[in-house]
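Summary of structural features
Here is what each chain is made of, one letter per residue.
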Amino acid sequence: MANAIARTIDMIDSAPRFTAMDVAELNARFADSDARAMLSTLLHDGPIGRAAIVSSFGAESAVLLHLVASIDPSVPVLFLETGKHFAETLAYRDLLAARLGLSDVRSLTPDADAVARRDESGLRWSYDPDGCCEIRKVKPLAAALVGFDATITGRKGFQSATRTNLHRVEIDTSDAAGRLKINPLASWSKADLDAYVVAHDLPPHPLVDAGYLSIGCAPCTSKVLPGEDARAGRWRGWEKVECGIHLPEQPGEEPSF
């Protein structure tokens, strides 16, 4: 991991930032650490380089944001302002940022020309949700992550079948340069999250009580029914389970829109 630790942001280096061996070492190193201890070491001791949180300010976002803020509230927080969010989510973002003292919340907006060319009506979500996410989430985040060596996410294994085997540290497969993706809450249960929220008196997202257990853009988010997994309300009726920022990008392949 020495080459990754020694790397500086302005260094020109064609080698991957991190390798599968680095990931295995980090997962082994923090196997018995709680989430806060792990994050404290990663953020203070520098083994992952420059990191940013990627947050939706959704139903369970307060836990990760509180954990990181209690260690270093200046860590950049990247929020994808797609232009399609619930008004409640935008208000919740501002509330949490103020309550937790987050000093570097960055709202990332899609390229105006790309929206004009590819989603002039604003309805692409209704017939091509993958294309809508590409314009409004995937591309803006990729541009914002230039210069970062790792992202910290709030993904949990219990959220859906596709996240069951989630590791705490992994390679970001959407980044050919070998950026890390840190999932400190990977093994947390819903009960763990609820207990943390109560212990730290964290405000809930205002839509949770209405049955929205995973909250993204308003047109593509619906209430979760009894017995469904937490992400069942996302892109209901489509064979789509992720917005795209956690999926691999195909080398040399451009979106078909």
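Residues numbered from 1 in each chain as written. Predicted model: local features only at pLDDT ≥ 70, side-chain atom pairs only at ≥ 80, totals over all residues. Heavy atoms only, no water.

1. Focus on the sheet that holds strand S1 (residues 51-54)
- Pairing is mixed across the open sheet formed by six strands, whose spatial order is S3-S2-S1-S4-S6-S5. Each edge of the open sheet is held by one strand with a lone partner, namely strand S3 (105-108) and strand S5 (169-171). Direction aside, the axes of adjacent strands within the sheet are offset by 30° on average.
- Across two bridges, S1 lies against strand S2 (residues 77-80) in parallel orientation. What sits directly across from Val54, in S2, is Leu78. (Pairing = 2+ DSSP bridges. Helix = DSSP H or I, 4+ residues; strand = E, 2+ residues; numbered from the N terminus. Axes fitted to C-alpha atoms, helices over the stretch in contact; angles between N-to-C directions.)

2. Examining the confidence of the model for the protein chain
- Looking at the protein chain as a whole, its pLDDT mean stands at 86, while 86% of the residues score no less than 70.
- Within the protein chain, helix H1 (residues 2-6) has the poorest average pLDDT of any element, 45, and helix H5 (residues 87-100) the best, 98.
- Within the model, the stretch residues 2-14 combines pLDDT values under 50 with nine contacts to residues more than four positions away or in other chains.
- Low confidence marks residues 248-257, where pLDDT is under 50. Its contacts with residues over four positions away, or in another chain, come to 13 contacts. (pLDDT = per-residue confidence, 0-100. Contact = heavy atoms within 4.5 Å.)

3. So, the pairing of S1
- By the alternation rule, side chains of S1 split into Ala51 and Ile53 and Ala52 and Val54, which are all buried.
- The pairing of S1 with strand S4 (residues 150-152) spans three bridges and is parallel. Across the sheet, the residue bridging to Ala52 is Thr151, located in S4. (Buried < 20%, exposed > 50% of the residue type's maximum accessible area, 1.4 Å probe, protein only.)

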